[in-house]
Amino acid sequence: MVTRRDFLKAALIQTISLSLWRCGRRTLEARKGNLGLFMEDGRPLLISVKGRRPEEMLEAAFDLLGGLEGLVKGKRVLLKPNFVFPQPYPVTTDPDVIFATARLLRDAGAKEVEVFDAPGTFLIGTEKETFNYNRIVERAKAEGVRVVIGDAAQRVQYVKTRRKGWRAYPEIVVHRKVYEAPVVINMPCLKRHHTSYLTCALKNNFGAIYGAQRWDAHLRGEGLKKMGKGARERAMTPFRNRSHFMRALAEFADAVRPELSIVDARVILTRGGPTRGKGELKGGVNRIIVSADMVALDRYCSSLMERFDESYTNDMILPYLQEAVRLGLGTMELKNVKIVEKEA
């Protein structure tokens, strides 16, 4: 249990750290990614597979995309799950889905597959807890998958990047592992969030950003009064600067630009999040949704959340979807997306 004293101590440490990302070290061009993959007739593909066996669902989704060989053959692939807290799926990405994806990537010719996240919930001394909770390192050895546990508090692990059009932060500090990866595959859960309202493809990129900058986005956007409350109250308390947080969320995703996102929505976390807390598990959704277009994914999955959570509405995430569209990350007009739904 994190006390208010612990929270304020962490906030102070991060406030002191804010200057560290601005000074020293050269600024690099932001990761380019490849946003033009998996299109049909000029429209982004979005594959939604319903079923109960994750590996079969993933295999069906990848086949409907046209296969992954063109994306991963001969390349090192980095999987970016959500390991925010030592709690099971759907708070964190299901290890079975991670390793099923890794096997399918190797079948498609990937040279190497590694799993990376830099959990930053409490930032200092907790980065290994979720990995240990999910037995990721132990299982990865058996699967022949490399694991990289990033430390959100270690500035030396990150590189400073810049891209024209960023407004919340002219420079964004991204973990070197992500920046240098030839292929990044984003693997979020679908759940509610006390600040962004929804965690899905765009929000999951927070875990690739330097911890002090993540906290600065929360501090500027929410303010300490809002951040110091419990999850349910925090969600209801007004923002200090809502626009800043929503803009930063989209720009953090733009700094990562994963080549593909895989949303595991077999079970979703409704009514609260991003940890179990006041959230409620909703089973029976039974979907895995895959696309290279993070905006379309979030829009599609937002409609799923609205269907299963009466406290949620699609317009809650419009501010950051609009920012993501401005940055060229995709489309939120689903009529402009080639949606393929299948049962596996």
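Note: the structure precedes this text.
Rules of the game
Residues numbered from 1 in each chain as written. Predicted model: local features only at pLDDT ≥ 70, side-chain atom pairs only at ≥ 80, totals over all residues. Heavy atoms only, no water. Buried < 20%, exposed > 50% of the residue type's maximum accessible area, 1.4 Å probe, protein only. Helix = DSSP H or I, 4+ residues; strand = E, 2+ residues; numbered from the N terminus. Pairing = 2+ DSSP bridges. Right-handed = clockwise from strand over helix to strand, strands pointing away. Axes fitted to C-alpha atoms, helices over the stretch in contact; angles between N-to-C directions. 1 Å grid on protein atoms, 1.4 Å probe; cavity = no way out; pocket = protein on both sides within 12 Å on 5 of 7 lines; lining within 4 Å. Points joined across faces, edges and corners; volume = space filled by probe spheres on them. Nonpolar A, V, L, I, M, F, W, Y, C, P; charged D, E, K, R; others polar. Core = buried A, V, L, I, M, F, W, Y, C linked by side-chain atoms within 4.5 Å. Contact = heavy atoms within 4.5 Å. Salt bridge = Lys/Arg side-chain N within 4 Å of Asp/Glu carboxyl O.

**Student:** I'd like to hear about the pairing of strand β5 (residues 112-117), residue by residue, with values.
**Tutor:** Along β5, five of the six residues are buried, which leaves the element largely enclosed by surrounding structure. Of the pairings in the sheet, the one linking strand β4 (residues 76-81) to β5 comprises four bridges and is parallel in character. Counterpart to V77 in the pairing with β5 is V113. In the classification by handedness, the crossover that spans β4, the intervening helix α4 (residues 95-107) and the parallel β5 is right-handed.

**Student:** Residues and numbers for the sheet that holds strand β1 (residues 27-29), please.
**Tutor:** Strands sit in the order β1-β7-β8 across an open sheet of three strands; the sheet is mixed. A single partner strand is all that each edge strand has here, and the edge strands are β1 and β8 (171-175). Across the sheet, the mean angle from the axis of one strand to that of its neighbour is 50°, orientation sign disregarded. In the sheet, strand β7 (residues 158-162) pairs with β8 via five bridges, with the strands oriented antiparallel. Residue pairing for β8: V159 is matched across the bridge by V174.

**Student:** Before we move on, could you go through the layout of surface pockets and cite the residues and values that matter?
**Tutor:** By volume, the second largest pocket is sized at about 220 Å³. For the lining of the second largest pocket, the elements supplying multiple residues, two or more each, are β10 (189-193) and α10 (231-236). By residue number, the principal contributor to the lining of the second largest pocket is α10, which donates four residues. Taken together, the residues that form the lining of the second largest pocket break down as five nonpolar, five polar and four charged.

**Student:** Run through the nonpolar core, naming residues and quoting values.
**Tutor:** One finds L190, L202 and I289 to be the most contacted residues of the largest nonpolar core, which totals 62 residues. For this core, the secondary structure elements donating two or more residues are β8, β11 (197-199), α8 (211-222), α11 (242-256), β12 (260-270), α12 (294-308) and α13 (318-326). What I289 contacts, discounting residues up to four positions off in sequence, is L46, I47, S48, S261, I262, V263, A265, L297, Y300, C301 and L304. Counting 39 residues, the second largest nonpolar core, distinct from the first, contains V49, L68, A108 and I288.

**Student:** Could you give an account of unusual backbone geometry, naming the residues involved and the relevant values?
**Tutor:** With an omega of 10°, the peptide bond running from Y89 to P90 counts as cis. Note that P90 resides in the loop between β4 and α4. Cis geometry marks the peptide bond from G273 to P274, where omega comes out at 20°. Summarising the element assignment, P274 is placed in the loop between β12 and β13 (280-282). Unlike most non-glycine residues, Y197 shows phi in positive territory, near 75°.

**Student:** Outline the pattern of salt bridges, supporting the account with residue identities and numerical values.
**Tutor:** Per the stated rule, a full pass over the model turns up 25 salt bridges. A salt bridge links E114 to R146, with the shortest nitrogen-to-oxygen separation between them at 3.5 Å. With a gap of 32 residues between them, E114 in strand β5 and R146 in strand β6 (residues 146-149) connect regions that are remote in the sequence. For E114, a relative accessible area of 0% gives the class buried. R266 serves as the salt-bridge partner of D264, at 2.8 Å between the closest nitrogen and oxygen. A single network of salt bridges, built from pairs that share partners, joins R76, E114, R146 and K177.

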